[in-house]
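# Examining the three-dimensional arrangement
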Amino acid sequence: MQFTVAIDGPAAAGKGTIGRALAAQFGFAHLDTGLLYRAVGAKGGDPVLAAKSLTADDLTRDDLRSMAAGEAASRVAVHPQVRAALLQFQRAFARRMGGAVLDGRDIGTVICPEAEVKLFVTASADVRAHRRWLELGGDEGQILADVIARDERDIGRSDAPLRAADDAITLDTSALTVEAALARAVAAVQAKLPRRLG
Ligand code: DC
């Protein structure tokens, strides 16, 4: 069975938490596509060459979760050739047998427009910055400024900008507990699953 759950949205909105939990609940594979861009940014040098030569090992670096790695990822993600180099891998992952959950910025719009379920997970910039601060520490005001700058770059780029697909269900997690957000996501998947699996 091919069944794709596409999760898009800005940084720290809860995409990863929801994506991992959905994958565990339904037995689907999960791909955090932000990690691909983070790994390209972290390699340094020519980002197009870095994207073309990306290996599984590159994704295991332990410095990929930092704010700096997110910033570098957002910068390399602007290049159409970087995005093109990562496209086929993500598409194949999305349509693998057994079901897949992918989270990122362009999954429902570019990587897998035929996804059975599309979620656009968002939250206010203040709430997202606060979550990042709880996770990583540091100066919360600076984190908020970084989150806003990253949103602007991801939304404003010309190739595959961050936006909700027309047929996406928007989940604003600003005032939702993780459990409540997850319950809505699970219901959205169950509504689309073939009957014998739902
Ligand atoms: O989800 P994240 O914070 O790990 O993503 C880091 C950056 O990577 C994000 O700011 C933009 C880029 N990205 C992208 O352009 N397309 C994706 N599908 C995933 C991430």
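A short tour of the structure in this document, coming up. These numbers were taken from a predicted model, which means no experiment stands behind them.

What counts as what
Residues numbered from 1 in each chain as written. Predicted model: local features only at pLDDT ≥ 70, side-chain atom pairs only at ≥ 80, totals over all residues. Heavy atoms only, no water. Salt bridge = Lys/Arg side-chain N within 4 Å of Asp/Glu carboxyl O. Helix = DSSP H or I, 4+ residues; strand = E, 2+ residues; numbered from the N terminus. Buried < 20%, exposed > 50% of the residue type's maximum accessible area, 1.4 Å probe, protein only. Near = heavy atom within 4 Å. Polar contact = N/O pair within 3.5 Å; in protein donor to acceptor, adjacent residues only side chain to side chain. Areas by Shrake-Rupley, 256 points an atom, 1.4 Å probe, with all protein chains shown as cover. 1 Å grid on protein atoms, 1.4 Å probe; cavity = no way out; pocket = protein on both sides within 12 Å on 5 of 7 lines; lining within 4 Å. Sits in = over half its atoms within 2 Å of the grid points. Nonpolar A, V, L, I, M, F, W, Y, C, P; charged D, E, K, R; others polar.

## Some words on the pattern of salt bridges
By the definition in use, this model includes 13 salt bridges. Put simply, Arg 128 and Asp 151 hold a salt bridge, and the shortest N to O gap is 2.6 Å. Taken together, the residues span a long stretch of sequence, with Arg 128 in helix α7 (residues 125-136) and Asp 151 in helix α8 (residues 140-156) at a distance of 23 residues. We note that Arg 128, like Asp 151, is buried. Overlapping salt bridges bring together Glu 71, Arg 75 and Arg 153 as one network.

## So, the site of the ligand
Neighbouring residues of the ligand: 15 residues in total, closest Arg 38, Arg 83, Arg 150, Asp 154 and Arg 157. Residue Arg 105 places a side-chain N or O atom 2.8 Å away from an oxygen atom belonging to the ligand. Within the side chain of Arg 157, a nitrogen or oxygen atom sits 2.8 Å from an oxygen atom of the ligand. The protein chains hide 97% of the 440 Å² of surface that the ligand would expose on its own. Spatially, the ligand is embedded in the largest pocket. Contributions of two or more residues to the shell around the ligand are made by α2 (34-43), α4 (67-76) and α8. Examining the composition of the shell around the ligand, we find that three residues originate from one element, α2, more than from any other. For the shell around the ligand, the residue count by class is three nonpolar, four polar and eight charged.

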